[in-house]
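As a plain string of letters, each chain reads:
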Amino acid sequence: MHFVEAKGILTSNNGFTGMNIYRGCSHGCIYCDSRSKCYQFTHPFEDIEVKKNAPELLENKIRSKRKKCMIGTGAMSDPYMHCEEELQLTKKCLEIILKYEYGVAIQTKSDRILRDIELLDEINKTAKCVVQMTLTTYDDDLCKKLEPNVCNTKRRIEVLEKMQEKGIPTIVWITPILPFINDTRENVESILRECVRVGVKGIIDFGMGLTLREGDREYYYAALDRHFPGMKRKYIETYGNAYELPSPNRKELLNLLRTICKENGMMYTPQECFNYMMELPDKYPQMSIFDL
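No experiment lies behind these values; they were computed from the predicted model shown.

*Asks:* When you look at the environment of T184 in this model, what are you seeing that I'm missing?
*Replies:* Within the fold, T184 resides in the loop between β9 (170-173) and α7 (185-197). Residues T184 and P248, spaced 64 residues apart in sequence, show a C-alpha to C-alpha distance of 9.9 Å.

*Asks:* Help me understand the pattern of salt bridges, please; the structure alone is not making it clear to me.
*Replies:* Oppositely charged side chains can pair when the atoms bearing their charge come close. The tally for this structure, following the rule as stated, stands at 20 salt bridges. In this structure, E161 and R197 form a salt bridge, with 2.9 Å as the shortest nitrogen-oxygen distance. Here E161 is found in helix α6 (residues 153-166), whereas its partner R197 is found in helix α7, with 36 residues between them in sequence. A relative accessible area of 46% places R197 in the partly exposed class. Salt-bridge contacts for R185 lead to E252; the nearest nitrogen and oxygen are separated by 3.4 Å. Here the residue R185 occupies a position in helix α7, and E252 occupies one in helix α10 (residues 250-263), the gap between them amounting to 67 residues. You can call R185 partly exposed: its relative accessible area is 40%.

*Asks:* Which parts of the structure should I look at to understand the sheet that holds strand β4 (residues 22-23)?
*Replies:* Within a beta sheet, neighbouring strands are joined by backbone hydrogen bonds and run either parallel or antiparallel to one another. Spatial strand order, β1-β5-β4: 3 strands in an open sheet with mixed pairing. Edge positions in the open sheet fall to β1 (2-4) and β4, since each of these has one partner strand only. Looking at chain direction, β1 and strand β5 (residues 49-51) are connected through 3 bridges and run parallel. By the bridge assignment, H2 is partnered in β5 with E49.

*Asks:* Can you walk me through the environment of A222 in this structure?
*Replies:* Relative to the elements of secondary structure, A222 occurs in helix α8 (residues 216-227). Placed 146 residues apart in sequence, A222 and M76 show a C-alpha to C-alpha distance of 22 Å.

*Asks:* Can you help me understand the side chain of D78 in this one?
*Replies:* As for its placement among the helices and strands, D78 is situated in the loop between β6 (70-73) and α2 (84-87). The side chain of D78 is buried and forms no salt bridge, while K109, the nearest opposite charge, is found at 5.9 Å. There is a polar contact of 3.0 Å between the side chain of D78 and the side chain of H27. Within the structure, D78 has its side chain in polar contact with the backbone nitrogen of K109 (distance 2.8 Å). Apart from the residues within four sequence positions on either side, D78 is in contact with Y22, C25, H27, Q107, T108, K109 and S110.

*Asks:* How do you make sense of helix α1 (residues 54-64) when you look at a structure like this?
*Replies:* Along α1, the positions that sit buried rather than exposed are A54, P55, L57, L58, E59 and I62. Buried-residue contacts for α1 involve β2 (10-13), β3 (16-19), β5, β6 and α3 (89-99).

*Asks:* I tried to follow helix α11 (residues 270-278) on my own but got confused; where do I start?
*Replies:* In an α-helix, one full turn covers 3.6 residues, which means residues spaced three or four apart are oriented alike. If you check which residues of α11 are buried, you get C273, Y276 and M277. Along α11, the residues classed as buried sweep out an arc of 95° about the axis, all on the same side. Where α11 is buried, its residues meet β3, β6, β7 (103-108), β8 (129-134), β9 and β10 (202-204).

*Asks:* Teacher, can you tell me more about the packing of α1 against α3 here?
*Replies:* Each pair of packed helices can be summarised by the angle the axes make with each other and by the distance between the axes. Closest axis-to-axis distance for the α1/α3 pair is 9 Å, and the angle between their directions is 15°. With respect to their mutual orientation, α1 and α3 come out roughly parallel. Between α1 and α3 lies a crossing of right-handed hand. Contacts between α1 and α3 involve A54, P55, L58, E59 and I62 from the former and L89, K92, C93, I96, I97 and K99 from the latter. Of the residues belonging to the contact of α1 with α3, the class tally is 8 nonpolar, no polar and 3 charged.

*Asks:* When you look at the nonpolar core in this model, what are you seeing that I'm missing?
*Replies:* Most often, soluble globular proteins keep nonpolar side chains buried together rather than apart. Residues L58, L120 and I203 are the most contacted members of the largest nonpolar core, which totals 63 residues. At the level of secondary structure, the elements contributing two or more residues to this core comprise α1, α3, β7, α4 (117-126), β8, α6, α7 and α10. Among the elements that line this core, the one with the most residues is α10, at 6 residues. Residues contacting L120, with those up to four places away along its chain left out, are L94, V104, I106, I113, C129, V131, M163 and I168. I30, Y31, L178 and L224 belong to the second largest nonpolar core, which has 18 residues in total.

*Asks:* Explain the side chain of K128 to me, please; I cannot follow it from the model alone.
*Replies:* Within the fold, K128 resides in the loop between α4 and β8. It turns out K128 is buried and unbridged, and the closest side chain with the opposite charge, E279, is 4.7 Å from it. For K128, the side chain forms a polar contact with the main-chain oxygen of Y276, separated by 2.5 Å. Within the structure, K128 has its side chain in polar contact with the backbone oxygen of E279 (distance 2.8 Å).

The rules behind each value
- Residues numbered from 1 in each chain as written.
- Predicted model: local features only at pLDDT ≥ 70, side-chain atom pairs only at ≥ 80, totals over all residues.
- Heavy atoms only, no water.
- Helix = DSSP H or I, 4+ residues; strand = E, 2+ residues; numbered from the N terminus.
- Salt bridge = Lys/Arg side-chain N within 4 Å of Asp/Glu carboxyl O.
- Buried < 20%, exposed > 50% of the residue type's maximum accessible area, 1.4 Å probe, protein only.
- Pairing = 2+ DSSP bridges.
- Lys, Arg positive; Asp, Glu negative; His and termini not counted.
- Polar contact = N/O pair within 3.5 Å; in protein donor to acceptor, adjacent residues only side chain to side chain.
- Contact = heavy atoms within 4.5 Å.
- Arc of directions from axis to C-beta.
- Axes fitted to C-alpha atoms, helices over the stretch in contact; angles between N-to-C directions.
- Parallel < 35°, antiparallel > 145°, perpendicular 65-115°, else oblique.
- Left-handed = near helix turned anticlockwise from the far one by under 90°.
- Nonpolar A, V, L, I, M, F, W, Y, C, P; charged D, E, K, R; others polar.
- Core = buried A, V, L, I, M, F, W, Y, C linked by side-chain atoms within 4.5 Å.

Right, here's the structure in full:
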């Protein structure tokens, strides 16, 4: 872990305002796209870069903004990594978001988010809070191989339950789906049924597959050699050096996703979910002259 004085904290992309307090990650997920060389890391991925002035940067920025918005965090680095227990930078940023009545869409795999559940509840009451949780496999033993340094799927589902009890809306990322590993109907259906049970609002999936590019491909293949002997060769024979690796079961799994989501009133396209997460409702609508 090392500390930097960042120059900025908020980014804007396609109308979505994003915030990354950390760079790198300690979860050790074998498929992590953030390892890709295109993101130009100048330090080892597990050597977490900490933007120690993130709260100050955030407050200075949103204090001067004319229009409130949703702020997303967790897309590149999990805001609830191990170092957050000590540093509490995510918590400090959430307190600032609450202070200025902004909304937040926060993505994690960690149950450490429960530390801040009361804070998230206050944000949701004042503006809007959406908690996003990634679920890739229902099998605990497989989860330990795919995502070794973070809580398992069962615990993440408990987190979703606790958010539901508070009335905090949730979105689940059921991605990536790894060909020949977790791309079974049984696995996907088990996750979706739990999402239905705990009242998830929507599911994000990008085609029931995996993406690989320089940087994360090498890490992923090394993990396959450790945990799934012979699987690397099967990948190379099936996909070559492709960026997109769709599951052979893609069509069946997508039909399953659409069917279960439609039957239970859950959003099931990425655009629907992103639109929902970007929308900050007007808590205090302006009065009409006819209301005077």
